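Coordinates in review
Read off the chains here:
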Amino acid sequence: MTSSRDHTAQPAAGEPSGAAAEVDVLIVGAGLSGIGAACHLQREAPGSSYAILEARGASGGTWDLFRYPGVRSDSDMFTLGYAFRPWRQPKSIAVGDDILRYVRETAAAYGVDEKITYHRRVLRARWSTPDARWTVTAQDTGTGELTTTTCRFLYLCAGYYRYDQGYTPAWPGREEFAGTVVHPQLWPAGLDVSGREVVVIGSGATAVTLVPALAQAGARVTMLQRSPSFVLSLPTADLLARALRRILPARRAYAVVRWKNITLATAFYRLCRKYPARMRALLRQGVKRRLPSGYDVRTHFDPAYDPWDQRLCVVPDGDLFRAIRSGAARVVTDHIESFTAKGLRLRSGTELAADVVVTATGLNLLALGGVEFTVDGREVELADRVAYKGMMLDGVPNLAFAIGYTNASWTLKVDLVSSYLARLLDAMSHGRFAVATPRLPAEPMAKVPFTDMTSGYLVRSLDSLPSQGDRSPWRLRQHYAKDSALFGDPLADPELELR
């Protein structure tokens, strides 16, 4: 994969840019969400000052961190891209380097890159009601020095998982294995897999991306899964986008294709939830058509859960199935009993030889960047709070967070939140309000988990997340068009106390 990681110059390690001591909005995180948030502020609240603190030494978030072979989005770029900046590349399902270039070019185009202070990990934030300000403490990741910034509004765009480690189960015998064990989140530079036996443990989006990429690099690959996932093949290029670009301005073509993809994805999701048995059969048939006659699809590609109980895995142009058909890759569905010196022993008694084992076993969730919050000296426990519009917490003033959709492109939800927040700040400045605090309704309201997805990394961490309510605006519908209606005039929301 051609590298574009140097496309936009990044500050050298140990040379962070200077952070503002006081701003209207402090954004935590300089990834896809944080850079988009800054652009929305400039577009929709042009009088607001802002700064961005980034714990790592480069912008781009996920798209700079993940370096494993074949890394790509499983969402199309017409919906993963920003609503305000058209995606112009030919591929709709894009590789990581192209996404990173897009994010950094957007930051440069809006001057956002000049507002980022690198190597600053936010540790805690303390709200003072008399001052109507957050005091945010960050640590220089190189020197350990602590610095503080005050802000009217704190916007957390740090994602949802730990950047310094992925999730890896504690398998027996791992210390006996003589080969190399790699987690995709910390992929080592220069790892050569050509001619080697590689076992990829996992069945999610990362695994189905790695398998064809490693096979193309010359490895003999086994995807070892405890249980299968639903896998859907989609074309890399969007034919409608290609046609519309010839006859429409770029922004108009982008908007049309964006809404087409939103509509199709939403309809597909709703069909999966309403008719799970029919959609299971349809997905299974799609896999069967792409694999050799007689392939055991039910064992390897027919999960026990219903479609969209967990996120579907997208394979562009069927590359995973192509690798299986060629013989360069295979799927084994079994449980790991232990590592051995030469590979893995499975519950069935089978032994898999391996030179390299890749643990594509998921992420460790880190809610709101792991920041500690206090309001007037009282600690804020996330699990005790209810999320307002999936972006704020009840009883917590001037705090917002960016968490994208689980059943659609991440940016669709984050764009809604960032635009709403920018318009809220602009309206507050004109209406001379200083504080916005979501307040729970007086009447009783049932609480439900923040998400109903059953993906492992979410299930493991549900008790650390805020709840949702049983009705709007305390519960989102995971439906972009319907959710959009909730993010209208921020001054018209009775649940949002302004003073």
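None of these values were measured; they are calculated from a predicted model.

1. Comments concerning the packing of helix α1 (residues 32–44) against helix α11 (residues 410–431)
Two elements in contact, α1 and α11, have axes whose closest approach is 9 Å; the angle formed by their N-to-C orientations is 35°. Helix-helix and strand crossings are classified by hand; for α1 and α11 the assignment is right-handed. Residues L32, S33, A37, H40, L41 and E44 of α1 form the contact with α11, whose participating residues are W410, T411, V414, D415, S418, S419, A422, R423, L425 and D426. Residue composition of the contact of α1 with α11, grouped by class: seven nonpolar, five polar and four charged.

2. Quick word on the sheet that holds strand β14 (residues 336–339)
Hydrogen bonds between backbone atoms are what pair the strands of a sheet, whose relative direction is either parallel or antiparallel. Here three strands make up an open sheet; going across it, the order is β14-β15-β16 and the pairing antiparallel. Of all the strands in the sheet, just β14 and β16 (351–353) have a single pairing partner and so form its edges. For this sheet the average axis-to-axis angle between neighbouring strands, irrespective of direction, equals 25°. In terms of strand pairing, β14 meets strand β15 (residues 343–346) through three bridges, oriented antiparallel. Pairing of I336 across the sheet is with L346, part of β15.

3. Description of the pattern of salt bridges
Applying the stated criterion across every chain yields a total of 24 salt bridges. A salt bridge links D64 to R56; its shortest N-O distance comes to 2.8 Å. We classify R56 as partly exposed; its relative accessible area is 21%. Its salt-bridge partner being R120, residue D140 comes within 2.9 Å of it at the nearest N-O pair. Separated by 20 residues along the polypeptide, D140 in strand β5 (residues 133–140) and R120 in strand β4 (residues 120–128) bring together distant segments of the chain.

4. Things to note about the pairing of β5
Sheet analysis places β4 next to β5, joined by eight bridges and oriented antiparallel. Pairing of R121 across the sheet is with Q139, part of β5. Adjacent in sequence and paired antiparallel, β4 and β5 are bridged by four residues, among which A132 carries a positive phi angle near 50°. For β5 and strand β6 (residues 146–156), the ladder comprises six bridges, and the chain directions are antiparallel. Looking at the pairing, T137 lines up with T148 of β6.

5. Concerning the nonpolar core
In globular proteins that are soluble, nonpolar side chains generally tend to be buried together. Of all hydrophobic cores here, the largest spans 132 residues; its most connected members are W134, L154 and Y155. Take this core: its biggest share by element is 11 residues, from α11. Each residue touching L154, except ones within four places of it in the same chain, is listed here: L26, V28, A125, W134, V136, F373, N398, L399 and A400. Residues W171, V332, I336 and F339 belong to the second largest nonpolar core, which totals 13 residues.

6. A look at helix α5 (residues 205–216)
The end-to-end C-alpha distance of α5, which contains 12 residues, comes to 18 Å, matching closely the 16 Å that a straight helix rising 1.5 Å per residue would cover. The buried fraction of α5 amounts to nine of the 12 residues, a majority that puts the element mostly inside the structure. Turning to α5, its buried residues number three or more, namely A207, V208, T209, L210, V211, P212, A213, L214 and A215. Downstream of α5 by one or two residues, G218 has phi in the positive range, about 100°.

7. Quick look at a negative patch on the surface
On the surface, E372, E379, E381 and D384 cluster together into a negatively charged patch. Its place among the elements puts E381 in the loop between β20 (378–379) and β21 (387–388). On the basis of relative accessible area, E381 is assigned to the partly exposed category, the value being 41%.

8. Here's the deal with the packing of helix α6 (residues 239–247) against helix α7 (residues 250–274)
Their axes nearest at 9 Å, the elements α6 and α7 cross at an angle of 160°. By the angle class used here, α6 and α7 are roughly antiparallel. Considering only the axes of α6 and α7, their crossing is right-handed. Taken together, the residues of α7 that come into contact with α6 (itself represented by L240, A241, L244 and R245) are A253, V256, V257 and K260. Along the lines of polarity and charge, the residues of the contact of α6 with α7 split into six nonpolar, no polar and two charged.

9. What about the sheet that holds strand β10 (residues 220–225)?
Taken in spatial order, the five strands of this open sheet run β8-β17-β9-β10-β13, and their pairing is parallel. What marks the edges here is a single partner per strand, and that holds for β8 (180–182) and β13 (329–333). Mean inter-strand twist for the sheet, computed between neighbouring axes without regard to direction, equals 20°. Pairing geometry for β10 and β13, over five bridges, is parallel. From the neighbouring strand, V221 faces β13, where its bridge partner is A329. Packing against the sheet, α5 makes contact with β9 (197–201), β10, β13 and β17 (356–359), and its axis sits at approximately 165° to β10.

10. Some words on α1
Residues three or four positions apart in an α-helix share a direction because the helix packs 3.6 residues into each turn. The terminal C-alpha atoms of α1 lie 18 Å apart, and with 13 residues this matches the ideal 18 Å at 1.5 Å per residue to within 8%. In terms of burial, α1 is a largely internal element, 10 of the 13 residues being buried. Listing the buried residues of α1 in full gives L32, S33, G34, I35, G36, A37, A38, C39, H40 and L41.

Analysis parameters
- Residues numbered from 1 in each chain as written.
- Predicted model: local features only at pLDDT ≥ 70, side-chain atom pairs only at ≥ 80, totals over all residues.
- Heavy atoms only, no water.
- Axes fitted to C-alpha atoms, helices over the stretch in contact; angles between N-to-C directions.
- Helix = DSSP H or I, 4+ residues; strand = E, 2+ residues; numbered from the N terminus.
- Left-handed = near helix turned anticlockwise from the far one by under 90°.
- Contact = heavy atoms within 4.5 Å.
- Nonpolar A, V, L, I, M, F, W, Y, C, P; charged D, E, K, R; others polar.
- Pairing = 2+ DSSP bridges.
- Salt bridge = Lys/Arg side-chain N within 4 Å of Asp/Glu carboxyl O.
- Buried < 20%, exposed > 50% of the residue type's maximum accessible area, 1.4 Å probe, protein only.
- Core = buried A, V, L, I, M, F, W, Y, C linked by side-chain atoms within 4.5 Å.
- Expected span 1.5 Å × (residues − 1).
- Patch = residues over 30% accessible without salt bridge, like charges linked within 9 Å, V, L, I, M, F, W, Y side chains within 5 Å.
- Areas by Shrake-Rupley, 256 points an atom, 1.4 Å probe, with all protein chains shown as cover.
- Lys, Arg positive; Asp, Glu negative; His and termini not counted.
- Charge placed at Lys NZ, Arg CZ, Asp CG, Glu CD.
- Parallel < 35°, antiparallel > 145°, perpendicular 65-115°, else oblique.

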